Amino acid sequence: MTHNSHSLTDRINHHYSELTANSRRLADYLLLNPEKILIMSTNEIAEVCSVSKTSVSRFIRRLGYADHLSLRNELLQVRESGEPVLTKSLENCDFHQEIQALELLREQINSTDLGPLIDSLANAPRIKIIGYRNSYPLAMHFRQQLMQCRGNVELLPLPGQTIGEDLAAIEDTDFVIVIGIRRRVSHFSKMIEQLQGNKTLLITDQSGQKYAPSASHLLICHMNNETPLDSYSVPMSLISHLVNNTYQVLKGNATKVSSKISVNYSKLNELE
């Protein structure tokens, strides 16, 4: 996709928090499948997204396009300018959606100055990581990876506990990572509001963009609505990218930490 202010991706992201449920289904589908505008009719897009043709037309107008044809023409102009735009569906590729979402993540990372974020991951006295439901394994993995290169990384809340006590114990010098993908707990917005005075990183899907003003850093992992169950390859790839960059910043100190951990594994005979 083109990076100018009038691109389909930019327009969808700009309006996403205001969209209805039907429009969000269309937005999610077109963010991951912009090429469908070139190869599918309005009726076909409506059928795939389980919405009416009128909903598709209304959604396209909401983005500022006159109609489906004007949107299609914009994508064709992008292709004609030399930028790669997929014009065929890859029906035989099981990982097509993941590849598309990873491309969106790469574009986001390339256009974002991650320096201040990586500095916080490397040098904050303490890091607190919060994740509920399906975001809990992501939070736990993030902690385990960071522990390979630095100390004082905590996972909140402890199993069976609520978050209130932990939020009260967060200090100004702490760096807080909140992961909220898809169905977030009911108090998520209040928790984000309470953390607004702290240095924070929010990792979320496209529906969590509304919390951008409350987070010091926001990274979006586009999730696919086309399949019944989600793939978490994108947030896992993001975590890997962030931790590896943190390791590079810490250099010798990170090597010492990881070596000490390896020695402990050997002494305790914990691993095969």
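Computed from a predicted structure; not experimentally measured. (Residues numbered from 1 in each chain as written. Predicted model: local features only at pLDDT ≥ 70, side-chain atom pairs only at ≥ 80, totals over all residues. Heavy atoms only, no water.)

A.B. asks: Break down the pairing of strand β3 (residues 175–180) for me, citing the residues and quoting the values.
C.D. replies: Here β3 lies mainly inside the structure; 6 of its 6 residues are buried. In β3, alternate side chains face the same way, and those of F175, I177 and I179 on one face and V176, V178 and G180 on the other are all buried. Bridge count for strand β1 (residues 127–131) against β3 is 5 bridges, and the pairing is parallel. Across the sheet, the residue bridging to K128 is V176, located in β3. In the sheet, β3 pairs with strand β4 (residues 199–204) via 6 bridges, with the strands oriented parallel. Within β4, the residue paired with I179 across the bridge is I203. (Buried < 20%, exposed > 50% of the residue type's maximum accessible area, 1.4 Å probe, protein only. Helix = DSSP H or I, 4+ residues; strand = E, 2+ residues; numbered from the N terminus. Pairing = 2+ DSSP bridges.)

A.B. asks: Mind laying out the nonpolar core, listing which residues take part and the relevant values?
C.D. replies: The nonpolar side chains of soluble globular proteins are, as a tendency, buried together. Counting residues in each nonpolar core, the largest one holds 61 residues, and the members touching the most others are L121, F142, I177 and L242. Setting aside chain neighbours within four positions, we find I177 in contact with L121, I127, K128, I129, I130, F142, L146 and L201. Membership of the second largest hydrophobic core comes to 16 residues, among which are I130, I163, V176 and I192. (Core = buried A, V, L, I, M, F, W, Y, C linked by side-chain atoms within 4.5 Å. Contact = heavy atoms within 4.5 Å.)

A.B. asks: Run through the environment of T42, naming residues and quoting values.
C.D. replies: Tracing the backbone through its elements, the reader meets T42 in helix α4 (residues 42–48). Judged by its relative accessible area of 12%, T42 is buried. Beyond its immediate stretch of four places on either side in the chain, T42 contacts K53, V56, S57 and H68.

A.B. asks: Account for the sheet that holds β4, naming residues and giving values.
C.D. replies: Spatial ordering of the open sheet is given by β2-β1-β3-β4-β5, a layout of 5 strands whose pairing is parallel. The open sheet has two edge strands, β2 (153–156) and β5 (217–220), and neither has a second partner. Put simply, the sheet's adjacent strands are angled 15° from each other on average, direction ignored. Across the sheet, helix α8 (residues 115–123) is in contact with β1, β3, β4 and β5; its angle to β3 comes to roughly 110°. (Axes fitted to C-alpha atoms, helices over the stretch in contact; angles between N-to-C directions.)

A.B. asks: Provide a residue-level description of the packing of aromatic side chains, including the pertinent values.
C.D. replies: Given two aromatic rings, one states the distance between the centres and the angle between the planes to describe the pair. Evaluated as defined, the whole model comprises 1 aromatic pair. For the pair F188 and Y211, a centre-to-centre distance of 5.4 Å together with 65° between the ring planes defines the contact as edge-to-face. Remark: Y211 occurs in the loop between β4 and β5 and F188 occurs in helix α11 (residues 188–194); sequence separation between them is 23 residues. Judged by relative accessible area, which is 12%, Y211 ranks as buried. Sitting above the plane of the Y65 ring, R11 keeps its charged end 4.1 Å from the centroid. (Phe/Tyr/Trp six-rings, centres within 6.5 Å; stacked < 30°, edge-to-face > 60°. Lys NZ or Arg CZ within 6 Å of the ring centre and 35° of its normal.)

A.B. asks: How would you sum up the packing of helix α2 (residues 21–32) against helix α5 (residues 53–62)? Please name residues and give values.
C.D. replies: Look at α2 against α5: their axes get within 10 Å of each other, and the N-to-C directions meet at 70°. One way to sum up the angle between α2 and α5 is to call them roughly perpendicular. Along its contact with α2, which presents N22, S23, L26, A27 and L30, the element α5 presents S55, V56 and F59. Looking at the contact of α2 with α5, its residues break down into 5 nonpolar, 3 polar and no charged. (Parallel < 35°, antiparallel > 145°, perpendicular 65-115°, else oblique. Nonpolar A, V, L, I, M, F, W, Y, C, P; charged D, E, K, R; others polar.)

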